[in-house]
Amino acid sequence: MATTIFIIMIIVILLLVKIIRDKKYLPGPWNLPVIGYLHKLDPTAPYLTLTELAQKYGPIYNIKLGMLNVAVLADARILKKVLAKDETLERSPLFLIDTAFEGRGLAHANIDLWKDQRKFAANFLRTVGAARVSPNRKTCESLIKKHVDEFVQIVKNQALGKPLDPSELIIHLISSTGSSLFLGQPFSLNDKKVSDLARNIHVFIKLLMIGTPLNFLPFLRFLPPYKKKLALLKQAVRTGRDIQGKLIHECEKSTNSRPNLLKAFQLHISESKSDQVYTLDQLHRLFFDLYIGFTETTITSLLWILLYLAQHVEVQTKIRQELFWVLQGESLELADFENLHYTKAALAEIARIRTVLPLGVPHYASENIYLDGLTIPKGTMIMPLLWGIHMDPKVHKDPEEFRPERFIDSDGKFFKPESFLPFQSGKRMCVGEDIANMVTTIFIAGVLQNFRIGAVDSVPIDFTGSCGAALTPKPQKLIFTKI
Ligand code: HEM
């Protein structure tokens, strides 16, 4: 009996020490054993629950999701400091993500593979002109323009003045731009494989919601609803790999001389000392990651852009006027971008008010992180709460108001405040920032030089969105009329 009481006392003391030690680290709400704070996360909008907690506990706090410690960072300055450290380069273990990516590819690759593949991907993007410093930026610009022109022509010919849900056309625009860019092949409008892949990715990303309990409590996979979800995810991975296998195969057979991922990769297969990295499997996974990165985020961005422009006709007018003055009747060139201050401000405001990745892409503390007197313990998931940063009323006044002017300085020029981080920061920040900005700018210019965008009469635009890994707008119709 005395031994039992002694053991219980030791356990209680150890638990108390742990609780006190945890409290010393970061503030945060009380968590239940095993499930942590999962029961309180809004399953459809976890970024809102986490932003409310930031208002209560401050811009850096700790919660438990399942058994995993999570440091939620809702302050841009702190987030940048944390992501600048080599000890936070790794991705966090998350059951669904690990099941889908198996530590390979690029975006969720284990750290050694990531170092090599990140360099490879950055070089490849430079080669095809999809980077800020590249001799081939003009080629990339023409490629995007060609696809945007195609979009404009289809709307003109088939949907002018009629209610149109633009999502299918946008999916086609972006997925064929992505294929041209990564595989060097322009795919025809009738090639369903390309947009099927993007559609499949959309399903996949919806299933990959970071806040889902299955990510933190893998044993749930044996219960029916989660079992079904896991089966759907595995099916989406199989379908995706099947379609991309066909695309890569077509690329292999092609006589096209444009650079492509396959050629670049094969060059490494012959030069590489390690046959562990440059394998066919890794090529497929890398293509998948680049394709996901490219399609899901830019499709989502373009849809939000159309909805916000449709709601704010005065912003359309200002962008059109700016394009008129800067271009003077000529067509848009990359060199013009730096003079399109209002256009860039409008695009930034849309990226702020509807953050495409509201929970960012989490990292992981592989060592204790010491910062401004705070400690993030080794083994903690680092969650960049991008929504919380972009909607913080202390840094973005009246955050729910759509106001491009907040990105214009006193000289009338576009400026990027520190608290605007749609692509995160640090060594692992998005590799596609530059190409994403090229696509959105060329798109907005192409569309507004040809159309006035409006809501369908008496149907209010729905800005709520639905949240998987990305926050995507709900399907809805708009009207494109001739200017
Ligand atoms: C509006 C468009 C986009 C947004 C908002 C966005 C956002 C992000 C964010 C927040 C990350 C996580 C960075 C980190 O872990 O610190 C990321 C990573 C990544 N993005 Fe993007 N992205 C966009 C477009 C693109 C495009 C066009 C590509 C394709 C070229 C791309 C490819 C990737 C890849 C491969 C990663 C993983 C990087 C790594 O782990 O090293 N993204 N993106």
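What counts and how
Residues numbered from 1 in each chain as written. Predicted model: local features only at pLDDT ≥ 70, side-chain atom pairs only at ≥ 80, totals over all residues. Heavy atoms only, no water. Pairing = 2+ DSSP bridges. Helix = DSSP H or I, 4+ residues; strand = E, 2+ residues; numbered from the N terminus. Contact = heavy atoms within 4.5 Å. Axes fitted to C-alpha atoms, helices over the stretch in contact; angles between N-to-C directions. Buried < 20%, exposed > 50% of the residue type's maximum accessible area, 1.4 Å probe, protein only. Salt bridge = Lys/Arg side-chain N within 4 Å of Asp/Glu carboxyl O. Near = heavy atom within 4 Å. Polar contact = N/O pair within 3.5 Å; in protein donor to acceptor, adjacent residues only side chain to side chain. Nonpolar A, V, L, I, M, F, W, Y, C, P; charged D, E, K, R; others polar. UniProt positions renumbered as here; feature names shortened; annotations may be inferred.

Caption draft 1: Summary view of the sheet that holds strand 4 (residues 363-364). The sheet built from four strands is open, its strands ordered 1-2-7-4 with mixed pairing. Where the open sheet ends on each side, the last strands, each with one partner, are strand 1 (60-65) and strand 4. With two bridges connecting them, strand 4 and strand 7 (residues 381-384) associate as antiparallel partners. Among the inter-strand pairings, histidine 363 is bridged to a residue of strand 7, identified as isoleucine 382. This element, helix 2 (residues 46-57), spans strand 1, strand 2 (68-73) and strand 7 of the sheet and lies at about 130° to strand 1. Each of strand 1, strand 2, strand 4 and strand 7 touches helix 3 (residues 76-83); the most contacted strand, strand 2, lies at about 125° to it.

Caption draft 2: Layout of the pairing of strand 2. Most of strand 2 sits inside the fold, with six of its six residues counted as buried. Alternating residues of strand 2 divide into Leu68, Val70 and Val72 and Asn69, Ala71 and Leu73, and every residue in both groups is buried. With four bridges joining them, strand 2 and strand 7 adopt parallel strand pairing. Counterpart to valine 72 in the pairing with strand 7 is methionine 383.

Caption draft 3: How the structure looks around the pattern of salt bridges. Counting across every chain of the model gives 26 salt bridges. Residue glutamate 333 pairs with lysine 138 through a salt bridge whose shortest N-O separation is 2.3 Å. Taken as a pair, glutamate 333 in the loop between helix 13 (313-327) and helix 14 (341-353) and lysine 138 in helix 6 (residues 137-159) lie far apart in primary sequence, 195 residues in all. When the shortest N-O distance is used, the salt bridge between lysine 145 and glutamate 141 registers 2.9 Å. Pair noted here: lysine 145 and glutamate 141 are both in helix 6, with a separation of four residues, about one helical turn. No difference in accessibility class separates lysine 145 from glutamate 141, as the two residues are buried. Residues joined in a network through salt bridges with shared partners are Glu102, Arg104, Arg241, Asp281 and Arg285.

Caption draft 4: Spatial organisation of the site of the ligand. Around the ligand, a shell composed of 23 residues is seen, among which Arg91, Trp114, Arg118, Gln424 and Cys430 lie nearest. In this structure, histidine 363 approaches the ligand through a side-chain N or O atom, which is 2.8 Å from an oxygen atom. Residue arginine 428 places a side-chain N or O atom 2.8 Å away from an oxygen atom belonging to the ligand. Mapped by element, the contributors of at least two residues to the shell around the ligand are helix 5 (111-127), helix 12 (280-311) and helix 16 (433-448). Residue composition of the shell around the ligand, grouped by class: 14 nonpolar, six polar and three charged.

Caption draft 5: Inspection of the UniProt feature "transmembrane region" (unreviewed entry) in the chain at higher detail. UniProt's feature table lists "transmembrane region" (unreviewed entry) at residues 6-21, 203-223 and 290-310, given in the numbering used throughout. Strand forms 0% of residues 290-310 and helix 100%; the C-alpha atoms that close the span are 30 Å apart.

Caption draft 6: Just the UniProt feature "binding site: heme" (unreviewed entry) in the chain, in detail. With numbering aligned to this structure, UniProt lists the feature "binding site: heme" (unreviewed entry) at Cys430. Following the sequence through the fold, cysteine 430 ends up in the loop between helix 15 (386-390) and helix 16. Dropping the residues within four chain positions of it, cysteine 430 is found in contact with Arg118 and Phe423.

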